[in-house]
Every structure is written in C-alpha cells, then in structure tokens.
Amino acid sequence: MSERTPPFQGIYYFYIAADKGSFKLAAETLFVTAAAVSQQIRQLEDWLGAELFIRQHRKIVLTHEGEVLYLQAKKGFAHLQDGVRRINQDPNPNQLSISTVPSFAQHWLVPRIGDFRERHPDLSMLIEPTNKLITFEDSSIDICIRYGHGNYPNLESRWLMDEVLYPVCHPLYQEKYGIYSVEDLHKAELIEDRWPDMDWAIWLNEVGVEGGHTTLQFDGSHFVLEGALSVQGVALVKHSLVYRYLQEGKLVRIGNTALRPKYNYFLCAPPGYFHRDKIQRFSKWIETQVSEFGNKGREELNIVDTDFSLKWSGNSDG
C-alpha cells in the first residue's frame, strides 16, 4: 500500500462519523452538510481502496477495515488532543514565575509587585533575576521581561516600555566636583554599564560634549546605580530605574539631555503561554503599571533620537 499520507480531512470526517455512528450527526458536529461528510469519506475509501462503512437505511456500520482504521484514528486524535493540552495547560496555575534582568527586577518591578499580590492573593510568586535568556522547554518560568531587540526565536514578544538614558550622581559628588550641567562632565569620573547601548562614548558623542575618564565599569545597571548612590562618580542610567531615586533626592540628574537607546523592554513567552489565566492577569497589571508610570519625569527632558533609536523605539519585532 502507498506510504503517502492519506487526506487528513477525510480521516477526521471518518473518525467523527464512526464515533457518532451517523453521517447526519457527524455533519452536525462538524457544521457541514451530510453530503460533504459522505464525499470526504468516499474520497478516503477511494484512496485506501477499501470500503469503510456498510451503508444501511438510516445508519452506518463499520466494515472490518473501518474498525481497524477507527481504532487507530481514535488513538491518534487522543495523542493530538493531549499535545494541545500540554501546550496550553498550566502545570502550576497557582504560581507565577518571572524571569527578568536584575536591574529591572530590583529598581522597577519589586517596588511595585506588592500591588499585584494584593490584587491576586491566590498566586504565589517567584522572581528570578538573571541576564541569561532562559529556555522555556527545560524551565518552570512562565514569562520573561527582557531588555533588548524583542526578536527571540520561538517566543512571542510584546512591547512593554521604551527607555531614555542620562547621567546622574549623588548630591555630595555633584557639590564636591561642581558638576551641574553636561558641559561639566569632563570633570567627572564616569561609571559605565557594559551593556552594548549603555556606552558613555556613544552618549557623549550624540550629545556633543566632552566627558571625563571611565574609571569604573559594571556588568549590570543595578551595580551602576549602586555606584552612583555610594558617591563613586557620574553614572549613565535608565530613566525607569533611577526616577524614584531622583524623587527621593538620593541622586540628581546632570542636565536635561537624554538619549533614546536602541533597545526596549518586552514581555516574552511561548505563544501558548499568553493564553494562561495568570499570564493574562500579570500582563494586564504590568501594562497598567507602565501606563501609569508613563512620562513621569520626562516632561523637562530634551530627548535625542538617533538612527537606531528611531528604528527600534516602540516597535515589537517578535
């Protein structure tokens, strides 16, 4: 017999008809006509070269060949349904596990997460701060918040928030070295994040001013912020992470010029995960938080757009 795959629609119509014991009931289940069911099954019989039903008045009876095919089709569709359930079914519906970059977790998400917990007390939470891109296949993580380009293989990426970058320092450092405008940055010791778009050289070049020496580098914005908070120099920082420290007076912004980087924040997960109830609740909550944060503190900024920031800002490519 031919090893070519038989027509799937014919197999499915046959399975439903055999399961219901009637072309009419199969047609009602499939929302088609009985003639359409009969035609698909006749084409399948022609392909197989065997009769599958004995057609009697007002009923159908499986032939021996029909019985064999029905039992195998039943197993096959059960396996398919199990696969669909595994994709969409949540193995831990009462726990929400989030992976995100440490700086975002520490300075933006964690200070707000109490509001989510009050609204959804039925969910326990795990926040895993890491710069690594986790693989969902071998992880219990439900959703990621990533800072990047948003184009991650096999994941759905939903744009969450953009960023702007500007220099800040501790008030004591500002007073000690007299750094009150971007033109004063040449007197500063510069603290830098090693993330690609957090380069002081890029920022100074785009703004058109001279800076001091980069004397301290960290692998992560949370360390950069700690460096500024501990009076170690002037740090180039993300607005979303530093805004609350400016409000509290723990840090001061140098000048009003900000640069829009090429990366954005994205919610990322396998497409089927976004159908899960807890992911829908979290997505709605964090999007509301982002909306409320909005343009706070940006009103007085002169935001400099570059070619790469115009390309990426606000656009999800995932």
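Residues numbered from 1 in each chain as written. Predicted model: local features only at pLDDT ≥ 70, side-chain atom pairs only at ≥ 80, totals over all residues. Heavy atoms only, no water.

The protein chain carries the name Glycine cleavage system regulatory protein in an unreviewed UniProt entry, which gives Vibrio fortis as its organism.

## Considerations on the packing of helix α5 (residues 102–119) against helix α8 (residues 221–229)
To be explicit about the condition: Between the N-to-C directions of two axes lies an angle of 0 to 180 degrees, each axis being a line fitted to C-alpha atoms and, for a helix, fitted only over the stretch in contact. A run of DSSP states H or I qualifies as a helix once it reaches four residues; a run of E qualifies as a strand once it reaches two. Both are numbered from the N-terminal end. Oblique is the label for any angle not covered by the other classes, which are roughly parallel (under 35 degrees), roughly antiparallel (over 145) and roughly perpendicular (65 to 115). Whether two residues touch is decided by their heavy atoms; if any such pair falls within 4.5 Å, the residues are in contact. Polarity classes work like this: nonpolar for Ala, Val, Leu, Ile, Met, Phe, Trp, Tyr, Cys and Pro, charged for Asp, Glu, Lys and Arg, and polar for all others, with Gly in that last group.
Here α5 crosses α8 at 55°, and the two axes come no closer than 7 Å. Regarding the angle of α5 to α8, the classification is oblique. Listed contacts from α8 to Pro102, Ser103, Gln106 and His107 of α5 are Ser221, His222, Leu225 and Glu226. Grouping the amino acids of the contact of α5 with α8 by side-chain chemistry returns 2 nonpolar, 5 polar and 1 charged.

## Brief notes about the pairing of strand β10 (residues 234–238)
Walk down a regular strand and you will see the side chains alternate between the two sheet faces. Quick note on the threshold: Three exposure classes are used, based on accessible area relative to the maximum for each residue type with a 1.4 Å probe and protein chains only: buried under 20%, partly exposed in between, and exposed over 50%. At least two DSSP bridges between two strands are required for those strands to pair.
Extensive coverage of β10 is indicated by the burial of 5 of its 5 residues. Here β10 shows a buried face lined by Val234, Leu236 and Lys238 and a second buried face lined by Ala235 and Val237. Pairing of strand β7 (residues 165–169) with β10 involves 4 bridges; the strand directions are antiparallel. Counterpart to Leu165 in the pairing with β10 is Lys238.

## Observations concerning helix α9 (residues 239–247)
Counting buried positions over the 9 residues of α9 gives 7, a clear majority of the element. Among the residues making up α9, those that are buried are His239, Ser240, Leu241, Val242, Tyr243, Tyr245 and Leu246. Backbone geometry just after α9 places Gly249 at a positive phi near 80°.

## So, the confidence of the model for the protein chain
The criterion, for reference: pLDDT is defined as a per-residue confidence score from the predictor, taking values between 0 and 100.
Chain-level statistics for the protein chain give a pLDDT mean of 88 and a share of 92% at 70 or above. Of all secondary-structure elements in the protein chain, the lowest mean pLDDT belongs to helix α11 (residues 307–312), at 47, while strand β11 (residues 252–253) reaches the highest, 98. Here residues 309–318 is modelled with pLDDT under 50, and outside its nearest four sequence neighbours on either side it reaches 26 contacts, counting other chains as well.

## Quick look at the pattern of salt bridges
Where we set the bar: The term salt bridge refers to a pairing of a side-chain nitrogen on Lys or Arg with a carboxyl oxygen on Asp or Glu at a separation within 4 Å.
Inspection of every chain in the model, using the stated rule, returns 16 salt bridges. A salt bridge links Arg42 to Glu51; its shortest N-O distance comes to 3.6 Å. The residue Lys187 makes a salt bridge to Asp184 at a minimum N-O spacing of 4.0 Å. Through salt bridges that share partners, Arg42, Glu45, Glu51 and Arg55 make up one connected network.

## A word on the packing of aromatic side chains
To be explicit about the condition: Only rings of Phe, Tyr and Trp enter the pairing, Trp through its six-membered ring, and a pair is recorded when the two centres are within 6.5 Å. The plane angle decides the type: under 30 degrees is stacked, over 60 is edge-to-face, the rest tilted. For a ring to carry a charge above it, either NZ of a lysine or CZ of an arginine must fall within 6 Å of the ring centroid while also lying within 35 degrees of the normal to the ring plane.
With the rule as written, the count across this model stands at 19 aromatic pairs. Ring centres of Phe136 and Tyr273 lie 5.6 Å apart, and the angle between their planes is 90°; on these two criteria the pair is classed as edge-to-face. Here the residue Phe136 occupies a position in the loop between β4 (124–129) and β5 (143–148), and Tyr273 occupies one in the loop between β13 (264–269) and α10 (277–293), the gap between them amounting to 137 residues. Taken individually, Phe136 and Tyr273 each receive the classification buried, so the pair is uniform in this respect. Each member of the aromatic cluster is reached from another via a ring pair, and the members are Phe104, Trp108, Tyr147, Tyr243, Tyr263, Tyr265 and Phe293. The ring centre of Tyr147 lies 4.7 Å from the NZ or CZ of Lys238, which sits over that ring.

## Comments concerning the pairing of β5
Judged by how many residues are buried, β5 sits mostly within the fold: 6 of 6 residues are covered. Direction of pairing for strand β3 (residues 95–100) relative to β5: parallel, over a ladder of 3 bridges. Bridge pairing links Ser99 to Cys144 in β5. Relative to β13, β5 runs antiparallel, the two being bridged by 5 bridges. Each bridged residue has a counterpart across the sheet, and for Gly148 the counterpart in β13 is Asn264.

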